[in-house]
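For reference, the chains in residue letters:
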Amino acid sequence: MARGFSKAVTSQQKQTDSLPSMNILNASFLEHFANLKDPRIERSKEHLLKDIIAIAILAIISGADGWVAIEAYGNAKYEWLKSFLELPNGIPSHDTFSRVFARIEPQQFQECFLSWVNAIVGELELNVIAIDGKTMKQSYDRNDQQKALHIVTAWSSSHQLVLGQKKVDKKSNELTAIPALIEMLEIAGSVITIDAMGCQKEITSLIIKKKGDYVLALKGNQKLLYQAVKEWFEVAQKSDYLGRDYSYYEQVEAGHHRVEKRQVWTVDVSELPPLHNQELWTGLKTVVMIVSERRLWNKTTTEARFYLSSLSSNAEIIAGAIRSHWGIENSLHWTLDVTFCEDESRIRKQNSPENFALLRRLAINLLKQEKTSKQSLKMKRYRAAMDNNYLVQILNSAS
């Protein structure tokens, strides 16, 4: 045999090597998507729904950002895919991917996703669940008078997992999407963190009903409550909290040419005069103030923020929960925009934007769970596109 050439791999060896891929794919995804209703009429089914979903997932993990790229991935990996998918009529066209995902019912797709996530989470303690919204800026369509899609996502910072998502309806806002998302989740024993939009009496009632706790940002949308808490802390600070029972925690971080000092005070609500409609805020135990001082080379800025919590007054624990909430911006939203180019996506037909958003979040979950490589998610995707064994390893990380 000429030097530099390896022995040809037989088709039997290919099938044997692909068995782990097939088994892991079935265990990780297909069993959870098995009950997904196929939106196509019987005579138009040239490709199996499970093949379409599997190729889309594998392609997006490997860097695809649209239907054309998914088809290109399928054609490039046809021999490998054929070893564990049926592919009765070859690789579906990009139009087929587009039509199928435009018609798949998002609620059903979400339920399949949640089934898979729950299988991953298992006995894990989720600790803090951050809930926040994000707009897909390029998903609007002027011709159809379609607004840009806004999605509220639940995120576990400690486990780097998307736990679920909920679309904000056209004629509504996050106030309806957040309770619907919380209803979908298992939150018992976890702390829910939400920004000021979610600081609502009904949401506190729902969280406590589901045996969770909360830390909610308090701003001007709860005007009377905000003013009362702000004024109490201002008076207390002037007297250096003399005669008042409180908890204090301080943290200093340096990096990127700045120094940030965060001071956290937590106070039991019994220390304050009765708050506006206090009895309607279910489970409310603690009010919180955080003063952040950021020092740059040319200026220093100070900001005070306020929160409501059902947790007991412990500044260090509550500061940790608030700090974890910022992870949804840094670890999820930033990744979606920079690594997955979500804000640039022009996918906009029918249910496609919502379903593709879920596919991106599914891919993030898988990539984040693969811990053997210290590379960035961008490099993990690049490597997965070239190395089938590494892609199988990514699938295996969440099985």
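As the structure is a prediction and not an experimental result, all values here were calculated from the model. (Residues numbered from 1 in each chain as written. Predicted model: local features only at pLDDT ≥ 70, side-chain atom pairs only at ≥ 80, totals over all residues. Heavy atoms only, no water.)

## Some thoughts on a nonpolar patch on the surface
A surface patch of nonpolar side chains, amounting to about 330 Å² of accessible area, comprises Met379, Tyr382 and Met386. Topologically, Met379 is positioned in helix α13 (residues 377-386). Overall, the relative accessible area of 36% leaves Met379 in the partly exposed class. (Patch = residues over 30% accessible without salt bridge, like charges linked within 9 Å, V, L, I, M, F, W, Y side chains within 5 Å. Areas by Shrake-Rupley, 256 points an atom, 1.4 Å probe, with all protein chains shown as cover. Salt bridge = Lys/Arg side-chain N within 4 Å of Asp/Glu carboxyl O. Helix = DSSP H or I, 4+ residues; strand = E, 2+ residues; numbered from the N terminus. Buried < 20%, exposed > 50% of the residue type's maximum accessible area, 1.4 Å probe, protein only.)

## So, the confidence of the model for the protein chain
Here the protein chain averages 86 in pLDDT, and 87% of its residues register 70 or above. This stretch, residues 1-18, has a pLDDT under 50; its non-local contacts, to residues over four places away or in other chains, come to eight contacts. (pLDDT = per-residue confidence, 0-100. Contact = heavy atoms within 4.5 Å.)

## So, the packing of aromatic side chains
Geometrically, a pair of aromatic rings is defined through the distance of the ring centres and the angle of the planes. In the structure shown here, the tally under the stated rule is 13 aromatic pairs. Plain terms: the ring middles of Trp67 and Phe101 are 5.3 Å apart, the flat faces sit at 15 degrees to each other, and that makes the pair stacked. Here Trp67, found in helix α3 (residues 67-76), pairs with Phe101, found in helix α5 (residues 94-103); they are 34 residues apart in sequence, far enough to count as distant. The class of Trp67 is buried, set by a relative accessible area of 11%. Given the relative accessible area of 0%, Phe101 is considered buried. Each ring, one from Tyr241 and one from Trp265, has its centre 5.9 Å from the other, and the planes form 15 degrees; the classification is stacked. Of this pair, Tyr241 sits in the loop between α9 (223-238) and β6 (247-255) while Trp265 sits in strand β7 (residues 258-268), and the two are 24 residues apart along the sequence. In this pair, the class of Tyr241 matches that of Trp265, namely buried. Through a chain of ring-to-ring contacts, the aromatic side chains of Tyr226, Trp232, Phe233, Tyr241, Tyr246, Tyr248, Trp265 and Phe306 assemble into a single cluster. (Phe/Tyr/Trp six-rings, centres within 6.5 Å; stacked < 30°, edge-to-face > 60°.)

## Some thoughts on the side chain of Arg381
On the secondary structure map, Arg381 appears in helix α13. Despite its burial, Arg381 pairs with no opposite charge, the nearest such side chain being Asp65 at 7.2 Å. Excluding anything up to four places from it in sequence, Arg381 contacts Ile60, Ile61, Ser62, Gly63, Ala64, Thr339, Phe340 and Leu367. (Lys, Arg positive; Asp, Glu negative; His and termini not counted.)

## Topic: helix α11 (residues 327-338)
Because an α-helix completes one turn every 3.6 residues, residues spaced three or four positions apart along the sequence face the same direction. With twelve residues, α11 extends 15 Å from end C-alpha to end C-alpha; this agrees with the ideal 16 Å at 1.5 Å per step. Taken as a whole, α11 has its buried residues at Gly327, Ile328, Ser331, Leu332, His333, Thr335 and Leu336. Mapping the buried residues of α11 onto a view down its axis gives an arc of 155 degrees, with all of them on the same face. Opposite the packed face of α11, turned more than 90 degrees from it, sit the exposed residues Asn330 and Trp334. Buried residues in α11 make contact with β1 (128-135), β2 (150-156), β3 (161-167), α10 (315-325), α12 (352-369) and α13. (Expected span 1.5 Å × (residues − 1). Arc of directions from axis to C-beta.)

## Observations concerning the sheet that holds β6
Spatially, nine strands are ordered β3-β2-β1-β4-β5-β9-β8-β7-β6 in an open sheet, and the strand pairing comes out mixed. The open sheet is flanked by β3 and β6, the only strands paired with a single partner. Across this sheet, the average inter-strand angle for adjacent strands is 20 degrees, counted without regard to direction. As paired elements, strand β4 (residues 191-194) and strand β5 (residues 213-218) share four bridges and run parallel to each other. Bridge pairing in β5 links Ile192 to Tyr214. The sheet strands contacting α12 are β2 and β3, and the helix crosses β3 at an angle near 170 degrees. (Pairing = 2+ DSSP bridges. Axes fitted to C-alpha atoms, helices over the stretch in contact; angles between N-to-C directions.)

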